[in-house]
Structure formats: structure tokens, C-alpha cells
Amino acid sequence: MAVNYIILLFTGVYLVATLLYYRYTVKKGMVFRYKPLVLLVVFILFLLSFYGIITHQPYNEILPFIG
């Protein structure tokens, strides 16, 4: 169960930092470069860990091919 909280924390921090950096680059008029596949994977991990917290399921039950 603690794995869900750790993954939620790190992916949430990554997504918020990316959003803040995007807003900073737009404000300064710079080009924002990102990797859409990385953002998609991080967002999916965020959603899976959030789902695990809501349903009280460990991460290895949500994704059975892990363990």
C-alpha cells in the first residue's frame, strides 16, 4: 500500500513541476520542449496509484505482471 503513496507522490511532483515549467516558458516567450510519451506514462502511473489508494489495493494486484 505504501508503494501507491510513493508513486503518487513522485509522479504528482513530476507532473506539477512540468506544468509550472510550461507556464514559466510561455510567460518568458521561450520554446517548451517535452516528451509526450514520458508524460503519458507518468500520467498513467499517477492514475493507477490513485486508483490503488481509493480501492485499497496494493500495486502488485493492480498490475499483476509486476510481481
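Residues numbered from 1 in each chain as written. Predicted model: local features only at pLDDT ≥ 70, side-chain atom pairs only at ≥ 80, totals over all residues. Heavy atoms only, no water.

### Points about the environment of Lys27
Argument step 1. Turning to its location among the elements, Lys27 is positioned in helix H1 (residues 2-28).
Argument step 2. Each C-alpha atom, one on Lys27 and one on Thr11, is 24 Å from the other, the two residues being 16 residues apart in sequence. (Helix = DSSP H or I, 4+ residues; strand = E, 2+ residues; numbered from the N terminus.)

### A closer look at H1
Argument step 1. For H1, with 27 residues, the first-to-last C-alpha span of 39 Å sits near the 39 Å given by 1.5 Å per residue.
Argument step 2. Among the residues making up H1, those that are buried are Asn4, Ile7, Leu8, Thr11, Gly12, Thr18 and Thr25.
Argument step 3. Turning to H1, the residues buried within the fold contact helix H2 (36-55) and helix H3 (59-62).
Argument step 4. The first or second residue beyond H1 is Gly29, which carries a positive phi of 80°. (Expected span 1.5 Å × (residues − 1). Buried < 20%, exposed > 50% of the residue type's maximum accessible area, 1.4 Å probe, protein only. Contact = heavy atoms within 4.5 Å.)

### Notes on the packing of aromatic side chains
A ring pair, where both rings are aromatic, is described by two values, the distance of the centres and the angle of the planes.
Argument step 1. Enumeration according to the criterion identifies five aromatic pairs in this entry.
Argument step 2. Following the ring pairs from residue to residue traces out a cluster consisting of Tyr21, Tyr22, Tyr24, Phe32 and Tyr34. (Phe/Tyr/Trp six-rings, centres within 6.5 Å; stacked < 30°, edge-to-face > 60°.)

### Some remarks on the confidence of the model for the protein chain
Argument step 1. Across the protein chain, the average pLDDT comes to 91, with 96% of residues at 70 or higher.
Argument step 2. Of all the helices and strands in the protein chain, H3 carries the lowest mean pLDDT, 83, while H1 carries the highest, 95. (pLDDT = per-residue confidence, 0-100.)

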